[in-house]
Each structure stands twice: as structure tokens, then as C-alpha cells.
Amino acid sequence: TYGGLDGIFEHVDDQTPKLRANLTEHEDRARKNLDLMVLHHDAPIDVDVAALFAERKAKVAVLSAEGPRMLRAGNWRRAAELCRAWTELELGNSESYRCLGQALQAQGYHQDAIKAFEESAQNYRDANKDVDALKCYYMTSLCYRALGKRNEAKQILETVLNTIEPGDPWRANPLQVMAWIIQDE
């Protein structure tokens, strides 16, 4: 309507008293901000950004296929390496953290696996995938049991069992772990 910052300040008297006072008081700051916000489209760029994105995408594709494949093959050390690299390239990816958690758990690194499963669960919750989040939370109970922290494991399992519908077939998993914990006592 005013054709830019100069037009706004030329019509400052047309504004409400409060806006007029603010414009008058902060004119210098507004003009300085305008100068700072100018985008320079002619800045030289040495790096081919598109090539970097393509390279990253290709790495993610390899890691997201090979990490789970190594996990299924039982090569847990290699799976952990690949899944960790995957988590570093794709921050916030639930599957990468789940893969890492499973690989670490299989190697007996239960405390580190708990962290990976918790990160995966949080990422699933953020994506409104509550069932997947619950399954990762359940995986932490297995790690706590392996660490001898049965009370923590029981609390997690109770939360999981209270959340799952009674007719859900997957409910048998946390029930089985709860039975093991009771036998352990």
C-alpha cells in the first residue's frame, strides 16, 4: 500500500497514535534491518549443493538398507556401525534408532540400546505413531531386565500392558517378559 519503507514513513501521520510513536521511535532500527535483510544472489558458491544432497541421499539409501540387512543376518557389530551412521545422517529417523537399539541390545550394550530405543520411541511419538513408540518402549524393558533392573522393566511393562488393547495379539510379548521377570524374582 505504501510502496516500501520510505512510503510507510512518509505516511506516519496517517497511523494510530501508538503505531505512529513506535514507527517514529524505531525508524533507524527499521532502516538498518532492511539493509541487513537484503539477499545477495550473486554470492559465489564453491560447492555444488545439489551434488551434496544427492550424495547424502545415496548414503542414506545404502545405510537404511544395509543396517537392517546386517541385523537380520546376525552381524550385529556391523549393523550397529551402519545404523549409527544412518542416525547421524538422518536425525530424527525412528527406524534408524530402532535398528541401532536392536544391534546394540544383541551385542549386550543394553544401556546404549536403551538410549537408542528411547530416541526411536520419541521420534515415533512426534510422528503420531504411538504403537511403534510403544514397541520401542517395550524393548527398553528387555534391556532393563538384562541389566538386572527388574523394577524399571516391570514399570515399563505395566505401562505398555495398560495401553495395549486386551485383544491385541502383540500383547503376548510384554506378558511373556512380565512372566520372566516374575520367575526371576
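Details of the structure are given in the entry above.
Digging into the state of the cysteines
This model, assessed by the stated rule, comprises 1 disulfide. You can see C136 has no disulfide; the closest cysteine sulfur is in C143, sitting 11 Å from it. Looking at C143, the relative accessible area reads 0%, which means it is buried.

Some words on the side chain of R171
Along the polypeptide, R171 turns up in the loop between α9 (150-163) and α10 (172-184). One buried charged residue, R171, forms no salt bridge at all, with the nearest opposite charge on E165 at 8.1 Å. Setting aside its immediate chain neighbours within four residues, R171 contacts L161, I164, E165 and P166.

Let's talk about unusual backbone geometry
With a phi close to 60°, N128 is a non-glycine residue in the positive phi region. Following the sequence through the fold, N128 ends up in the loop between α7 (110-126) and α8 (130-146).

So, the packing of aromatic side chains
Taken as a whole and judged by the stated rule, the model has 1 aromatic pair. Ring geometry for Y138 against W170: centres 5.1 Å apart, planes inclined by 80°, an arrangement best described as edge-to-face. Of this pair, Y138 sits in helix α8 while W170 sits in the loop between α9 and α10, and the two are 32 residues apart along the sequence. Classification of Y138 as buried rests on a relative accessible area of 9%.

Digging into the packing of α8 against α10
For the pair α8 and α10, interaxial distance at closest approach is 11 Å and the crossing angle is 15°. Relative to α10, α8 is oriented roughly parallel. Of the two possible hands of crossing, α8 and α10 adopt the one that is left-handed. Side by side, α8 and α10 meet where Y138, S141, L142 and R145 of the first sit next to N173, P174, V177, W180, I181 and D184 of the second. Taken together, the residues of the contact of α8 with α10 break down into 6 nonpolar, 2 polar and 2 charged.

Points about the nonpolar core
Counting residues in each nonpolar core, the largest one holds 33 residues, and the members touching the most others are W86, L100, Y138, L157, V160 and V177. Looking at this core, the elements with two or more residues in it are α4 (49-73), α5 (76-89), α6 (94-107), α7, α8, α9 and α10. Ranked by residue count, the leading element in this core is α8, at 6 residues. The residues contacting L157, other than those within four sequence positions of it, are Y138, S141, P174, V177, M178 and I181.

Description of α5
With 14 residues, α5 extends 20 Å between its outermost C-alpha atoms, agreeing within 8% with the 20 Å of an ideal straight helix rising 1.5 Å per residue. Here α5 has its buried residues at A79, A80, L82, C83, W86 and T87. The inward-facing, buried residues of α5 contact α4 and α6.

Things to note about the pattern of salt bridges
Pairing between side chains of opposite charge can happen when their charged atoms approach one another. Counting across every chain of the model gives 10 salt bridges. Put simply, E27 and R31 hold a salt bridge, and the shortest N to O gap is 3.0 Å. Pair noted here: E27 and R31 are both in helix α3 (residues 27-36), with a separation of 4 residues, about one helical turn. Of the residues examined, E27 reaches a relative accessible area of 26% and is grouped as partly exposed. With a shortest N-O distance of 2.9 Å, E81 and R78 are connected by a salt bridge. In this pair, E81 and R78 both sit in helix α5, 3 residues apart, roughly one turn of the helix.

A short note on the side chain of Q15
One can find Q15 in the loop between α1 (5-10) and α2 (17-25). Owing to a relative accessible area of 16%, Q15 belongs among the buried residues under this scheme. Each residue touching Q15, except ones within four places of it in the same chain, is listed here: Y2, R20 and L23.

Analysis parameters
- Residues numbered from 1 in each chain as written.
- Predicted model: local features only at pLDDT ≥ 70, side-chain atom pairs only at ≥ 80, totals over all residues.
- Heavy atoms only, no water.
- Disulfide = S-S within 2.5 Å.
- Buried < 20%, exposed > 50% of the residue type's maximum accessible area, 1.4 Å probe, protein only.
- Helix = DSSP H or I, 4+ residues; strand = E, 2+ residues; numbered from the N terminus.
- Lys, Arg positive; Asp, Glu negative; His and termini not counted.
- Salt bridge = Lys/Arg side-chain N within 4 Å of Asp/Glu carboxyl O.
- Contact = heavy atoms within 4.5 Å.
- Phe/Tyr/Trp six-rings, centres within 6.5 Å; stacked < 30°, edge-to-face > 60°.
- Axes fitted to C-alpha atoms, helices over the stretch in contact; angles between N-to-C directions.
- Parallel < 35°, antiparallel > 145°, perpendicular 65-115°, else oblique.
- Left-handed = near helix turned anticlockwise from the far one by under 90°.
- Nonpolar A, V, L, I, M, F, W, Y, C, P; charged D, E, K, R; others polar.
- Core = buried A, V, L, I, M, F, W, Y, C linked by side-chain atoms within 4.5 Å.
- Expected span 1.5 Å × (residues − 1).

In short, geometric facts, not functional conclusions.
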